[in-house]
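# Residue-level structure breakdown
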Amino acid sequence: DHERQVTHEQERTMTETVLEQFVRDFHDLVRRRDLAALPDFIVDQPVFHTPRFLKPITSKAQMVLVLQGIVQFVEGFEYHRIFTRGNEAVMEFRGKIGEVVVHGIDIFTIDDAGKIKELTVFLRPTKALEAIGRMEDQHFQRMQAQSAGR
């Protein structure tokens, strides 16, 4: 039983270390706006719960597009408070789209390699959700137009 407890403590420490590294690296990616590196932070089959859709997004490519759009188009997007436990990080963010203040929380669940396997986003106020929806729709339309032109 003592052996099992030590193993559990070692696993917990390893997970916390992987989680701490993820938080540092992801926070740095957002700060630097290094959008090209974003796919490296996500597993191949993620589960992404966004306030815009009832069903989760399970496409890595679509998740990357949404997250890139947020970081790119939300002015001053920045994480302010971060809470961690086990393999989860809760990161509070703020930014602006035009005059609308965007305030939200990202709940990340990472795998043993430190990649996002699940992300749930909460967003307020309603005007922020509407502004992000318009921004995402425009971003997707531009991406589709670029793909069609190739």
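Refer to the preceding data block for the structure.
Throughout, a residue's number is its position along its own chain's written sequence, starting from 1. Under the rules for a predicted model, residues below a pLDDT of 70 receive no local features and side-chain atom pairs below 80 are neither given nor counted, while totals for whole chains, interfaces and linings still include all residues. As a rule here, side-chain values come from all non-hydrogen atoms in the structure, and water together with hydrogens is ignored.

So, about the pairing of strand β4 (residues 100-110). For two strands to count as paired, DSSP must find a minimum of two bridges between them. Secondary structure is summarised from DSSP: a helix means a run of H or I of at least four residues, a strand means a run of E of at least two, and numbering begins at the N terminus for each. Bridge count for strand β3 (residues 88-97) against β4 is ten bridges, and the pairing is antiparallel. Of the residues in β4, the one forming a bridge with Phe93 is Gly104. Between β3 and β4, which pair antiparallel and follow one another directly, the connecting turn spans two residues, one of which, Gly98, has a positive phi of 65 degrees. Relative to strand β5 (residues 116-124), β4 runs antiparallel, the two being bridged by eight bridges. In the sheet register, Gly104 faces β5, and the bridge partner there is Leu123. Between the antiparallel neighbours β4 and β5 lie five residues, among them Gly114 with a positive phi of about 85 degrees.

By salt bridge we mean one thing: a side-chain nitrogen of Lys or Arg within 4 Å of a carboxyl oxygen of Asp or Glu. Counting across every chain of the model gives six salt bridges. Residue Glu92 pairs with Arg81 through a salt bridge whose shortest N-O separation is 2.5 Å. Taken as a pair, Glu92 in strand β3 and Arg81 in strand β2 (residues 75-85) lie far apart in primary sequence, eleven residues in all. Think of it in three bands: residues with accessible area under 20% of the maximum for their type are buried, residues over 50% are exposed, and the middle band is partly exposed, with areas taken using a 1.4 Å probe on protein chains only. A relative accessible area of 9% means that Glu92 is categorised as buried.

What follows concerns empty space enclosed by the protein. Using protein atoms alone on a 1 Å grid, points that fit a 1.4 Å probe yet trap it form a cavity, whereas open point sets bounded by protein on both sides within 12 Å along at least five of seven lines form a pocket; residues with an atom within 4 Å of a point count as lining. Grid points are joined across faces, edges and corners, and a volume is the space filled by probe spheres set on the points. Tallied over the full model, the rule gives one cavity of 30 Å³ or more. Of the voids in this model, the largest cavity is the one considered here, and its volume is about 220 Å³. Leu67, Ile70, Phe93, Asp106 and Val121 are, among the 22 residues lining the largest cavity, the residues nearest its centre. At the level of elements, α1 (2-32), α2 (60-73), β2, β4, β5 and α3 (126-148) are the ones that each hand at least two residues to the lining of the largest cavity. Three classes are used, and their members are as follows: Ala, Val, Leu, Ile, Met, Phe, Trp, Tyr, Cys and Pro are nonpolar, Asp, Glu, Lys and Arg are charged, and the others, Gly among them, are polar. The class makeup of the residues in the lining of the largest cavity is 18 nonpolar, one polar and three charged.

What follows covers the nonpolar core. We define a nonpolar core as any set of buried Ala, Val, Leu, Ile, Met, Phe, Trp, Tyr and Cys residues linked to one another through side-chain atoms lying within 4.5 Å. Phe22, Phe26, Phe108 and Ile116 are the most contacted members of the largest nonpolar core, which has 37 residues in total. If you list the elements that add at least two residues to this core, you get α1, β1 (42-49), α2, β2, β3, β4, β5 and α3. Sequence-distant contacts of Phe108, defined by excluding residues within four places in its chain, comprise Phe22, Phe26, Tyr79, Asn87, Glu88, Ala89, Met91, Ile116, Glu118 and Leu119. For this analysis, residues touch if any pair of their heavy atoms sits within 4.5 Å.

Once that is clear, we can look at the environment of Val101. Tracing the backbone shows Val101 in strand β4. Through-space distance from the C-alpha of Val101 to that of Lys127 is 8.5 Å; in sequence the pair is 26 residues apart. Excluding residues that lie within four positions of it along the chain, Val101 makes contacts with Gly95, Lys96, Arg124, Pro125 and Ala128.

Our next topic: the side chain of His103. Looking at the element boundaries, His103 is found in strand β4. Classification of His103 as buried rests on a relative accessible area of 15%. Of the polar contacts made by the side chain of His103, one reaches the side chain of Arg94; its length is 3.5 Å. Leave out the neighbours within four places in its chain, and His103 touches Glu92, Phe93, Arg94, Phe122, Leu123 and Arg124. Pairing of N or O atoms within 3.5 Å defines a polar contact, subject to two protein rules: one partner must be a possible hydrogen donor and the other a possible acceptor, and residues neighboring in sequence count only if both atoms are side-chain atoms.

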